[in-house]
Amino acid sequence: MLSGFAQERENIFLDFFLNNISPICKKKKLNRILEIACFDGFVLKALSEKGFQVCGCDPSKGADIANDFGIKVHKRYFESSYFTDKKELFDIVIFRHFIEHIPDPIGFMMEVKKVLNKDGLIIFETPDVENYLKNGSFESFHLQHLQNFSIYSVSEVLKRASLKLISYKMSPENMIIVASENGGLFPDKSNLW
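These figures come from a predicted structure and were not determined experimentally.

**Concerning the overall build of the protein**
Here comes step 1: Each helix and strand counted, the protein has seven helices and seven strands in total.
Here comes step 2: Helices and strands in the protein line up, N terminus first, as α-β-α-β-α-β-α-β-α-β-α-α-β-β.
Here comes step 3: The proportion of buried residues among the 193 residues of the protein is 50%.
Here comes step 4: In the protein, of all internal contacts separated by at least 6 residues, the share reaching a separation of at least 24 is 63%.
Here comes step 5: Summed over all atoms, the accessible surface of the protein reaches about 9,800 Å², with 52% contributed by carbon and sulfur.

Structure follows, in structure tokens:
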């Protein structure tokens, strides 16, 4: 936010969201977005400029930067009870390059569902391990990544958390995943972009 410079992956995510998800959100009146681990709120700011109601949570100093730019970010770790106790639910929950750092991704998904409105969407981005293996790159393999995901393992995590894989996009090194509890927003199963 301070530099005004967006990395390529932010641009890819925003392009995917605005071109593929935003039209569905407008049609279904999905407007409230929570981003978990949003750092300085760069993506949230871009989405707020498109008319979405946004907020985030991040325990780092990035939350201070976001708040200075007028983006509401709770300076704390994500806990579903923090939001449910205040009866704050969201139409869309986003997290990017976060799930690979979590020891229990299934449990985390179960917690995320608690803050999601009926027919809400979970949209997340994570490195595509198959791409790294295919290209002989070890960039994604380090101690901070407790998990490595392929589209198949993501599907299994979602299934075990009683979520449905709705759609996904493979970017050069990452996957952007769209999931929901009931899949009702996407009656046409051919919605793989």
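Having seen the structure, we can now continue with the description.
**A few points about the confidence of the model for the protein**
Keep in mind that low pLDDT regions are not for reading the predicted coordinates in detail.
Here comes step 1: Per-residue pLDDT for the protein has a mean of 85; in total, 81% of the residues score no lower than 70.
Here comes step 2: Predicted confidence for residues 187–193 stays below pLDDT 50, and this span has 14 contacts to residues more than four positions away or in other chains.

**Quick word on the pairing of strand 2 (residues 53–57)**
Here comes step 1: Of all the five residues making up strand 2, four are buried; the element is thus mostly covered by neighbouring parts of the structure.
Here comes step 2: Sheet topology note: the strand 1 (residues 32–36)/strand 2 ladder contains five bridges and is parallel. By the bridge assignment for strand 2, R32 is matched with Q53.
Here comes step 3: Relative to strand 3 (residues 73–74), strand 2 is paired through two bridges, and the arrangement is parallel. From the neighbouring strand, C57 faces strand 3, where its bridge partner is H74.

**Focus: the pairing of strand 5 (residues 116–127)**
Here comes step 1: Burial analysis of strand 5 places nine of its 12 residues in the buried class, the great majority of the element.
Here comes step 2: Here six bridges tie strand 4 (residues 90–96) to strand 5, and the two strands are oriented parallel to one another. Looking across to strand 5, one finds that F95 is bridged to F124.
Here comes step 3: Sheet topology places strand 5 next to strand 7 (residues 174–180); six bridges connect them, and they run antiparallel. Within the sheet, the bridge partner assigned to F124 lies in strand 7 and is I177.

**Re the sheet that holds strand 7**
Here comes step 1: With mixed pairing, the seven strands of this open sheet are ordered in space as 3-2-1-4-5-7-6. Each end of this open sheet is capped by a strand with a single partner; those strands are strand 3 and strand 6 (164–170).
Here comes step 2: Set on the sheet, helix 1 (residues 8–28) makes contact with strand 1, strand 4, strand 5, strand 6 and strand 7; between it and strand 4 the angle comes to about 160°.
Here comes step 3: Sheet strands in contact with helix 7 (residues 151–160) are strand 5, strand 6 and strand 7, and its direction is about 25° off that of strand 7.

**So, unusual backbone geometry**
Comment: phi is negative for the bulk of residues other than glycine, and the bulk of peptide bonds are trans.
Here comes step 1: In the Ramachandran plot, K29 falls in the positive-phi region, its phi being about 60° despite a non-glycine side chain.
Here comes step 2: Among the structural elements, K29 can be located in the loop between helix 1 and strand 1.
Here comes step 3: The residue H97 is not glycine, and still its phi comes out positive at about 55°.
Here comes step 4: Relative to the helices and strands, H97 is located in the loop between strand 4 and helix 5 (105–113).

**A closer look at the pattern of salt bridges**
Proximity of charged atoms lets side chains of opposite charge pair with each other.
Here comes step 1: Under the criterion given, the structure shown has 12 salt bridges.
Here comes step 2: Between D64 and K75 there is a salt bridge whose closest N-O contact spans 2.8 Å. Taken as a pair, D64 in helix 3 (residues 62–68) and K75 in the loop between strand 3 and helix 4 (80–84) lie far apart in primary sequence, 11 residues in all.
Here comes step 3: In this structure, D119 engages K118 in a salt bridge whose closest nitrogen and oxygen atoms are separated by 3.8 Å.
Here comes step 4: Taking the relative accessible area as the measure of exposure, K118 reaches 70% and is therefore exposed.
Here comes step 5: A single network of salt bridges, built from pairs that share partners, joins E10, E35, R96 and E125.

Parameters at a glance
Residues numbered from 1 in each chain as written. Predicted model: local features only at pLDDT ≥ 70, side-chain atom pairs only at ≥ 80, totals over all residues. Heavy atoms only, no water. Helix = DSSP H or I, 4+ residues; strand = E, 2+ residues; numbered from the N terminus. Buried < 20%, exposed > 50% of the residue type's maximum accessible area, 1.4 Å probe, protein only. Contact = heavy atoms within 4.5 Å. Areas by Shrake-Rupley, 256 points an atom, 1.4 Å probe, with all protein chains shown as cover. pLDDT = per-residue confidence, 0-100. Pairing = 2+ DSSP bridges. Axes fitted to C-alpha atoms, helices over the stretch in contact; angles between N-to-C directions. Salt bridge = Lys/Arg side-chain N within 4 Å of Asp/Glu carboxyl O.

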